[in-house]
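# Structural overview for review
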Amino acid sequence: MKLLLSIAVLVYIARGLDLRQLRDHLVSVDPVLFVVALALIFFQTFLLNGRWELIMRALGVSLDWLAGWRILMISLWFNQVLPSSVGGDAVRMWLLRQRDVQWPEAVKGVAADRFTALIGLIVLMVAGLPFLLSRVSNQAAILAIGGLTVAGVAGTVVLLTLDRLPKRFIALPAIASFVRFGTLVRFLLLQSDHRALLFGSALLIHLVTAAACYALARGIGAQLSVLDAGILIPPVVLLTAVPISISGWGVREGAMVACLGLAGVPSEEALSISLLLGAISVIIGLAGGAIWLASRERGSYAADKAAKAAEDAPSYGLGNEASSHP
């Protein structure tokens, strides 16, 4: 179903476009600026690993930097080839377990990493709203992005303050795991020793994505300003993270065409930027695949075990009391 959705959205977008012009944009992209965008996304993997390492350290897990980066790169490969919405994350957990990290810490570390990234996106969207209001006249688009931002803020506040609700309510098994997870994320962002570095990296990682999109836009001659990239790319990233397609394909393209269109970027150019960004993701994923082929863990990997880890992880990891941290 996810594959069909990705194909359907891409076909729907392409129906009303000049495909010859789209092809010209793709083949005539400035190779230097494409390499700049590729280098930015590759550099982003170091930032991602640094953020994850800080989270694991706060959980009491010592993760060697190079080992963590290898695991992250391998997960990016599995994100490209597995249809599951948690494919790469499940592999990250499984690889941590191969390094004798207990399941609760592995699950909490990956989940907290994901949620920290989400908080960084929401903060950027909140910061960009005043600029959006001053630069975009499309009221429907403002309501859509504004509503998405408000929903993100509300959801984050609710999760981080669940433990303030009546004890009878938060003691329910279905709620208790979320309460513990919200307390963990609040501890990481507000009380851990590296909270400023952790929060700063969450913002910087998404700004790097915006910078890569800006480089690709300049590479095909699209008129996209730095400010517009900073305002409009975070909503694209947020929508792409919705697990309804294969590795975000289709959803990313639709979101990119809609959002960049608000800045006056023609649909053919916006779609070209998205496809080139997707190609860069595939290249980075292939690098992770090469690391996976050379890894010692590959011999003991079993897809059914990783799939079972993905199914069991949320309830086991977030509900387990063994960790010394919230």
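Relevant structure appears above.
The structure contained in this document is the topic of the report that follows.

Now for the pattern of salt bridges. Enumeration over the complete set of coordinates arrives at 11 salt bridges. The shortest N-O distance in the salt bridge between R57 and E53 comes to 3.4 Å. Residue R57 and its partner E53 are located together in helix α3 (residues 31-58), separated by four residues, close to a single helical turn. On the basis of relative accessibility, which here comes to 44%, the residue R57 falls in the partly exposed class. According to the relative accessible area criterion, E53 is buried, its value standing at 15%.

What follows deals with a nonpolar patch on the surface. Where nonpolar side chains cluster on the molecular surface, the patch consists of F42, F43, F46, W65 and L66 and spans about 450 Å² of accessible area. If you list the elements that add at least two residues to the nonpolar patch, you get α3 and α4 (65-81). Mapped onto the fold, F46 is located in helix α3.

Another aspect to go through is the nonpolar core. M56, L96, L188, L216, M256, L260 and I273 are the most contacted members of the largest nonpolar core, which totals 81 residues. Residues in contact with L216, not counting those within four places in the same chain, are F34, A37, I273, L276, L277 and I280.

The next thing to look at is unusual backbone geometry. Although it is not a glycine, D100 sits at a positive phi angle of roughly 70 degrees. With respect to the helices, strands and loops of the structure, D100 is situated in the loop between α5 (87-98) and α6 (103-135).

Contact pair α6 / helix α7 (residues 139-160): the axes reach a minimum separation of 10 Å and the direction vectors enclose 140 degrees. Taken together, the axes of α6 and α7 lie oblique to each other. α6 and α7 meet at a crossing whose hand is left-handed. Residues F115, I119, I122, M125, V126, L129, L132 and L133 of α6 pack against I142, I145, G146, L148, T149, G152, V153, T156, L159 and L160 of α7. Looking at side-chain class alone, the contact of α6 with α7 contains 14 nonpolar, four polar and no charged residues.

The rules behind each value
- Residues numbered from 1 in each chain as written.
- Predicted model: local features only at pLDDT ≥ 70, side-chain atom pairs only at ≥ 80, totals over all residues.
- Heavy atoms only, no water.
- Salt bridge = Lys/Arg side-chain N within 4 Å of Asp/Glu carboxyl O.
- Helix = DSSP H or I, 4+ residues; strand = E, 2+ residues; numbered from the N terminus.
- Buried < 20%, exposed > 50% of the residue type's maximum accessible area, 1.4 Å probe, protein only.
- Patch = residues over 30% accessible without salt bridge, like charges linked within 9 Å, V, L, I, M, F, W, Y side chains within 5 Å.
- Areas by Shrake-Rupley, 256 points an atom, 1.4 Å probe, with all protein chains shown as cover.
- Core = buried A, V, L, I, M, F, W, Y, C linked by side-chain atoms within 4.5 Å.
- Contact = heavy atoms within 4.5 Å.
- Axes fitted to C-alpha atoms, helices over the stretch in contact; angles between N-to-C directions.
- Parallel < 35°, antiparallel > 145°, perpendicular 65-115°, else oblique.
- Left-handed = near helix turned anticlockwise from the far one by under 90°.
- Nonpolar A, V, L, I, M, F, W, Y, C, P; charged D, E, K, R; others polar.

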